Amino acid sequence: MACFLVPMGEAIVTTVVQKVVENKEKKVGKEKTTNTGLSWSRKLSWLNKMLWGGTALLALEHVWHGEVVPWPPFLAAMENPADVAPMLHEIATIGVAMAITVTVVWAIMILVAERRAKAVPKVKESPVSGGA
Amino acid sequence: MWLIMTALAAVIVTAIWYIRAPEDKYKLGLLSLFFWGATLMWLVDHVMAYLTEGGEFFEINLDATLLGVAVIVLALFVWEIVLVVSDPKGALKRVLKGQRLS
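Position labels on residues start from 1 in each chain and follow its written sequence. Here every chain gets a letter starting at A, and every ligand a number starting at 1, in the order they are written. With the structure being a predicted model, the display of local features is reserved for residues of pLDDT at least 70 and the display and counting of side-chain atom pairs for 80 or more, all residues being used for whole-chain, interface and lining totals.

**Some points on the overall build of chain A**
Applied cut-off: Helix and strand definitions follow DSSP, with helices as H or I runs of at least four residues and strands as E runs of at least two, each counted in order from the N terminus. Exposed residues have 12 or fewer other C-beta atoms within 10 Å of their own C-beta, buried residues have 20 or more, and partly exposed residues fall in between, where C-beta atoms are placed from the backbone. Here contacts are defined at the residue level, using C-beta atoms placed from the backbone and a cut-off of 7 Å between them.
In terms of helices and strands, chain A carries three helices and zero strands. Counting helices and strands in the order they occur from the N terminus, chain A gives α-α-α. Taking all 132 residues of chain A together, the buried fraction comes to 30%. Across chain A, contacts joining residues at least 24 apart in sequence account for 70% of those joining residues at least 6 apart.

This is the structure we're talking about:
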């Protein structure tokens, strides 16, 4: 009914967090916050892309099924008081589960990326060879 | 059906992204993450609906197929907007410059 609102809320928060982290990284002058070369702003951008992409495509599905309408209150379930409780239940169960799943998958992605990046041997920069 | 179609799109785009990696001039990474995000969310939706309500896991009919096509078109549309705005090839810049010169 409106389960995509939870990932959308998370996406708004993580987008703000990403912007703040990005500004902090620029101020500090270090792009790399970890020794693996992956900055936190970049890692957060992966989560944001998954959340916003999922939200946009799920919103289309809800429009397709008539659950989201282009006039206020925008959610069809809000027009009938009897549908409000099931809608809230769906948001609290499916919506939260969606947000948690995407976040867990993202956390696994980060762990794998960090581990893979650490496994790559560091190349010593040499002024003669140009680091090659 | 739209879950299968979105998952298929995610797999194909990720494969193309990997073939071209580490270069990501045309932002295929963005498109693949869009599709993966939606795939994960619909997977959760389908699993939870199946566990609580039962019935068929996949809805396979014309309406569901058309929705799958619409979903892919929307994702491609958003990706193209991002691509045109960021203009990584500089094509738009060159076109506009050429028009100004002529």
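What follows continues from the structure just given.
**Quick notes on helix α1 (residues 2–20) of chain B**
The test is simple: Take the number of residues in a helix, subtract one, and multiply by 1.5 Å to get its expected span. To be clear, the arc concerns the directions from the helix axis to the C-beta atoms.
Under the 1.5 Å per step criterion, the end-to-end length of α1(B) is 27 Å for 19 residues, consistent within 8% with the ideal 27 Å. Within the sequence span of α1(B), burial applies to Trp2(B), Leu3(B), Thr6(B), Ala9(B), Ala10(B) and Val13(B). The arc enclosing the buried residues of α1(B), seen along the axis, measures out at 125°, which places them on a common side. Seen from the buried face of α1(B), the exposed residues on the opposite side, beyond 90 degrees, are Ile12(B), Ala15(B), Tyr18(B) and Ile19(B). Next to the buried residues of α1(B) lie α2 (40–64) of chain A together with α2 (28–53) and α3 (62–86) of chain B.

**Regarding the packing of α2(B) against α3(B)**
Residue and element names in this part refer to chain B. To keep things clear, this is the line we draw: Here an axis means a line fitted to C-alpha atoms, over the contact stretch when the element is a helix, while the angle between two N-to-C directions is reported on a 0 to 180 degree scale. Note on convention: near helix rotated counterclockwise from far helix by under a right angle means a left-handed crossing. Clockwise means right-handed. Charged residues are taken to be Asp, Glu, Lys and Arg, nonpolar residues to be Ala, Val, Leu, Ile, Met, Phe, Trp, Tyr, Cys and Pro, and polar residues to be all remaining types, Gly included.
Where α2 contacts α3, the two axes come as close as 10 Å, and the packing angle between them is 145°. Relative to α3, α2 is oriented so that their crossing is right-handed. Taking contact as the criterion, the partners of Leu-30, Leu-31, Phe-34, Phe-35 and Ala-38 in α2 are, on α3, Val-71, Ala-75, Trp-79 and Val-82. A per-class count over the contact of α2 with α3 returns nine nonpolar, no polar and no charged.

**Brief notes about the interface of chain B and chain A**
Between chain B and chain A, the contact holds 20 residues from the first and 21 residues from the second. Sorting the residues of the side of chain B that touches chain A by element identifies α1, α2 and α3 of chain B as the ones contributing at least two each. Here the element with the most residues in the side of chain B that touches chain A is α2(B); it accounts for twelve residues. Split by residue class, the side of chain B that touches chain A holds 17 nonpolar, two polar and one charged.

**Topic: the packing of helix α1 (residues 5–28) of chain A against helix α3 (residues 81–119) of chain A**
Residues and elements named next belong to chain A. Heads up, the rule is: We call two directions roughly parallel when the angle between them is under 35 degrees, roughly antiparallel when it is over 145, roughly perpendicular when it lies between 65 and 115, and oblique otherwise.
The contact between α1 and α3 brings their axes to 7 Å, and the two run at 45°. Between α1 and α3, the angle is such that the two are oblique. Contacts from Leu-5, Val-6, Pro-7 and Glu-10 in α1 reach Ile-91, Gly-95, Val-96, Met-98, Ala-99 and Val-102 in α3. Tallied by class, residues from the contact of α1 with α3 come to eight nonpolar, one polar and one charged.

**Points about unusual backbone geometry**
Note: most peptide bonds trans; most residues except glycine with negative phi. Residue Pro73(A) follows Pro72(A) across a cis peptide bond; omega there is 5°. Looking at the element boundaries, Pro73(A) is found in the loop between α2 and α3. Cis peptide bonds are those with omega within 30 degrees of zero, and the linkage from Ala21(B) to Pro22(B) qualifies with 10°. Here Pro22(B) is to be found in the loop between α1 and α2. Non-glycine residue Lys27(B) carries a positive phi angle of around 55°. Along the polypeptide, Lys27(B) turns up in the loop between α1 and α2. With 17 C-beta atoms packed within 10 Å, Lys27(B) lands in the partly exposed category. Not every positive phi belongs to a glycine, and Asp87(B) is a case in point at roughly 45°. Within the secondary structure, Asp87(B) is located in the loop between α3 and α4 (91–101).

**Here's the deal with the environment of Gln18(A)**
All names here are of chain A. Locating Gln-18 in the fold gives a position in helix α1. When the C-alpha positions of Gln-18 and Asn-48 are compared, they lie 8.5 Å apart, and in sequence the two are 30 residues distant. In this structure Gln-18 touches Ser-41, Leu-44, Ser-45 and Asn-48, once residues within four positions along its chain are discounted.

**Things to note about α2(A)**
The terminal C-alpha atoms of α2(A), which comprises 25 residues, lie 36 Å apart, in line with the 36 Å expected from a rise of 1.5 Å per residue. Most of α2(A) sits out of view: 18 of its 25 residues are buried.

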